[in-house]
Amino acid sequence: MEGATQSKLPNGKSTCNAVDVRPASPKDEDDYFTAKSSAEPVCTEIDPEHARLYCLALNNLWPRSELYRQIVPTPPVFVYCSLMLPWVMAQVLGANTEQTTTYMTPAILRNYSRATVKYAELPTIVRRRAGSTASDKDDIQGMLLGSPRDWALGRIEEYTALDNHERDVVEVEVTTDNGEKIVVAAYAHVWVGNSILLEDKIWDPVEYMKSSQQRRQS
């Protein structure tokens, strides 16, 4: 569309960053204001700054040496909820948002499934039953937060309201800056409550960003 700039998120979805509503060659100032007032209001699906920060975190692939520094002495934390988004994580930790992206890297958790806590609309993860079949598309895409301090773990657990969860050590797969895939141990908060409290509804970070933007614009 002429006059619009679009950017692609890593999953291929696009966001409309800006639309120039001015006529291509306004005859005079009155023409400009007439065109501007009669144009449809611009609705940005995702805040461009939020999209930029999320992409920074998604593209932050550590070298092998940096990965080692981020997993000792305290295991990293695998997050799969709104804490995947750098500005949310930064707000929870009281940290600089741009810097927070450097402590995050994409990670994959296998042998677990996503679910949503009924009525709370909060995502969670559950262990797959032994013998159950799953494909790669069922793997949980999340973010790894490198080597957090105890106070940071406390803030994360306070934010996520962890009733019916326990902190467990899981194995997640990360990719280094040269494409090497490495499995590391990480903390994750796993559902241990009754399955009747869950529903098969997938939480998606892109949809979360869209709904957040809609609430801000309403």
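Let me begin by describing the structure that accompanies this report. Being a predicted model, the structure only gives us computed values, none of them experimental. (Residues numbered from 1 in each chain as written. Predicted model: local features only at pLDDT ≥ 70, side-chain atom pairs only at ≥ 80, totals over all residues. Heavy atoms only, no water.)

### Some thoughts on the overall build of the protein
As a reminder of what qualifies: Secondary structure elements are defined from DSSP: runs of H or I of at least 4 residues count as helices, runs of E of at least 2 residues count as strands, and each element is numbered from the N terminus. We call a residue buried when its accessible area falls under 20% of the maximum for its residue type, exposed when it is over 50%, and partly exposed in between, using a 1.4 Å probe and counting protein chains only. We call two residues in contact whenever any of their non-hydrogen atoms come within 4.5 Å of each other. A 1.4 Å probe and the Shrake-Rupley method give the accessible areas. Residues count as covered only by the protein chains that appear here.
The number of helices and strands found in the protein is seven helices and ten strands. Counting all 218 residues of the protein, 41% fall into the buried class. In the protein, of all internal contacts separated by at least 6 residues, the share reaching a separation of at least 24 is 72%. As displayed, the protein has an accessible area near 12,800 Å², and 49% of this comes from carbon and sulfur atoms.

### Concerning the pairing of strand β8 (residues 165-175)
The following threshold applies: When DSSP finds at least two bridges between two strands, those strands are taken to pair.
Here strand β4 (residues 104-109) pairs with β8 via two bridges, running antiparallel. Within β8, the position partnered with Ile-108 by the bridge is Glu-173. Of the pairings in the sheet, the one linking β8 to strand β9 (residues 181-191) comprises eleven bridges and is antiparallel in character. The partner of Glu-173 across the bridge, within β9, is Val-183. Taking the residues between adjacent antiparallel strands as the criterion, β8 and β9 are bridged by five residues, where Gly-179 takes a positive phi near 90°.

### Considering the side chain of Thr-100
Along the chain, Thr-100 falls in helix α5 (residues 97-102). With near-sequence residues (within four places) excluded, Thr-100 lies in contact with Pro-86, Met-89, Ala-90 and Ala-95.

### Concerning the sheet that holds strand β10 (residues 198-199)
Spatially, three strands are ordered β6-β5-β10 in an open sheet, and the strand pairing comes out antiparallel. In the strand order of this sheet, the two ends are held by β6 (122-127) and β10, each with one partner. By the bridge criterion, two bridges tie strand β5 (residues 112-117) to β10 in an arrangement that is antiparallel. Its bridge partner lying in β10, Val-117 is registered against Leu-198.

### Digging into unusual backbone geometry
The phi torsion of most residues other than glycine is negative, and most of the peptide bonds are trans. Following Val-72, the chain continues to Pro-73 via a peptide bond in cis, the omega torsion being 0°. Checked against the element boundaries, Pro-73 lands in the loop between α3 (64-71) and β3 (77-79). Phi at Tyr-119 is positive, roughly 70°, even though this residue is not glycine. Turning to its location among the elements, Tyr-119 is positioned in the loop between β5 and β6. The residue Ser-147 is not glycine, and still its phi comes out positive at about 30°. Along the chain, Ser-147 turns up in the loop between β7 (140-145) and α6 (150-160).

None of this, on its own, says anything about what the molecule does.
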